[in-house]
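# Summary of structural features
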Amino acid sequence: SHEIAEAFARRIMRIPEVTECYNTSGAYDYLLKVRASDMKQYQEFVLNKLGDIESLGSIESTFVMSEVKQNHGINL
(Lines give C-alpha, C1' and ligand atoms only; values in the text may rest on other atoms or scores of the structure.)
Protein backbone atom coordinates (compact mmCIF):
# COMPACT_ATOMS: atom_id res chain seq x y z
CA SER A 1 0.00 0.00 0.00
CA HIS A 2 0.95 3.64 -0.31
CA GLU A 3 1.33 3.96 3.47
CA ILE A 4 3.69 0.98 3.66
CA ALA A 5 5.82 2.36 0.80
CA GLU A 6 6.08 5.77 2.50
CA ALA A 7 6.99 4.18 5.84
CA PHE A 8 9.66 2.08 4.13
CA ALA A 9 11.15 5.15 2.42
CA ARG A 10 11.24 7.07 5.72
CA ARG A 11 13.08 4.18 7.42
CA ILE A 12 15.59 3.85 4.58
CA MET A 13 16.32 7.60 4.67
CA ARG A 14 17.49 7.21 8.29
CA ILE A 15 19.92 4.33 7.65
CA PRO A 16 23.41 5.71 6.99
CA GLU A 17 24.70 2.52 5.33
CA VAL A 18 22.17 3.01 2.51
CA THR A 19 23.81 5.46 0.11
CA GLU A 20 21.21 5.21 -2.68
CA CYS A 21 17.64 3.92 -2.91
CA TYR A 22 15.56 3.53 -6.07
CA ASN A 23 11.90 2.56 -6.49
CA THR A 24 11.97 0.16 -9.44
CA SER A 25 9.65 -1.76 -11.74
CA GLY A 26 10.00 -5.46 -12.41
CA ALA A 27 10.71 -8.29 -10.00
CA TYR A 28 11.65 -6.02 -7.06
CA ASP A 29 10.17 -2.84 -5.64
CA TYR A 30 13.39 -1.21 -4.46
CA LEU A 31 17.09 -1.25 -5.23
CA LEU A 32 19.40 -0.20 -2.40
CA LYS A 33 23.08 0.66 -2.68
CA VAL A 34 24.70 -0.17 0.64
CA ARG A 35 28.23 0.52 1.88
CA ALA A 36 29.82 -2.02 4.21
CA SER A 37 33.49 -2.51 5.04
CA ASP A 38 33.26 -6.31 4.98
CA MET A 39 30.82 -9.21 4.92
CA LYS A 40 30.49 -9.24 8.72
CA GLN A 41 29.34 -5.61 8.71
CA TYR A 42 26.94 -6.35 5.84
CA GLN A 43 25.51 -9.33 7.72
CA GLU A 44 24.94 -7.16 10.80
CA PHE A 45 23.30 -4.50 8.60
CA VAL A 46 20.90 -7.04 7.07
CA LEU A 47 20.02 -8.63 10.40
CA ASN A 48 19.83 -5.52 12.60
CA LYS A 49 18.67 -2.76 10.25
CA LEU A 50 16.80 -4.30 7.30
CA GLY A 51 15.59 -7.16 9.48
CA ASP A 52 13.75 -4.67 11.70
CA ILE A 53 11.54 -3.49 8.81
CA GLU A 54 8.37 -5.55 9.16
CA SER A 55 7.04 -4.76 5.68
CA LEU A 56 10.14 -6.19 4.00
CA GLY A 57 9.16 -9.43 2.25
CA SER A 58 12.48 -10.64 0.87
CA ILE A 59 16.04 -9.55 0.18
CA GLU A 60 18.35 -10.47 -2.68
CA SER A 61 21.97 -9.33 -2.50
CA THR A 62 24.45 -8.73 -5.30
CA PHE A 63 28.02 -7.70 -4.57
CA VAL A 64 30.40 -5.54 -6.59
CA MET A 65 33.64 -7.42 -7.24
CA SER A 66 35.33 -4.60 -9.16
CA GLU A 67 34.43 -1.31 -10.76
CA VAL A 68 34.78 -1.23 -14.53
CA LYS A 69 33.49 2.29 -15.18
CA GLN A 70 31.92 5.10 -13.22
CA ASN A 71 31.03 8.32 -15.01
CA HIS A 72 28.30 10.68 -13.86
CA GLY A 73 29.24 13.50 -16.25
CA ILE A 74 26.85 12.73 -19.12
CA ASN A 75 24.66 15.63 -20.25
CA LEU A 76 21.08 14.62 -20.97
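Let me sum up the structure you'll find in this document.

Rules of the game
Residues numbered from 1 in each chain as written. Predicted model: local features only at pLDDT ≥ 70, side-chain atom pairs only at ≥ 80, totals over all residues. Heavy atoms only, no water. Pairing = 2+ DSSP bridges. Helix = DSSP H or I, 4+ residues; strand = E, 2+ residues; numbered from the N terminus. 1 Å grid on protein atoms, 1.4 Å probe; cavity = no way out; pocket = protein on both sides within 12 Å on 5 of 7 lines; lining within 4 Å. Points joined across faces, edges and corners; volume = space filled by probe spheres on them. Nonpolar A, V, L, I, M, F, W, Y, C, P; charged D, E, K, R; others polar. Salt bridge = Lys/Arg side-chain N within 4 Å of Asp/Glu carboxyl O.

### Observations regarding the pairing of strand β2 (residues 30-34)
- In terms of strand pairing, strand β1 (residues 18-23) meets β2 through 5 bridges, oriented antiparallel. Counterpart to Y22 in the pairing with β2 is L31.
- The antiparallel hairpin formed by β1 and β2 contains 6 residues in its connecting segment, where G26 sits at a positive phi of about 105°.

### Structural notes on the layout of surface pockets
- If you add up the space inside the largest pocket, you get close to 1300 Å³.
- When residues of the lining of the largest pocket are traced back to their parent elements, those giving at least two are α1 (2-13), β1, β2 and α2 (39-48).
- Split by residue class, the lining of the largest pocket holds 20 nonpolar, 9 polar and 8 charged.

### Observations regarding the pattern of salt bridges
- With the rule as written, the count across this model stands at 3 salt bridges.
- Where E20 meets K33, a salt bridge forms, and the shortest distance between an N and an O atom there is 3.2 Å. Here E20, found in strand β1, pairs with K33, found in strand β2; they are 13 residues apart in sequence, far enough to count as distant.
- When the shortest N-O distance is used, the salt bridge between E44 and K40 registers 4.0 Å. Taken together, the positions of E44 and K40, both in helix α2 and 4 residues apart, correspond to about one turn of that helix.

Take it as geometry only, folks, not as evidence of what the structure does.
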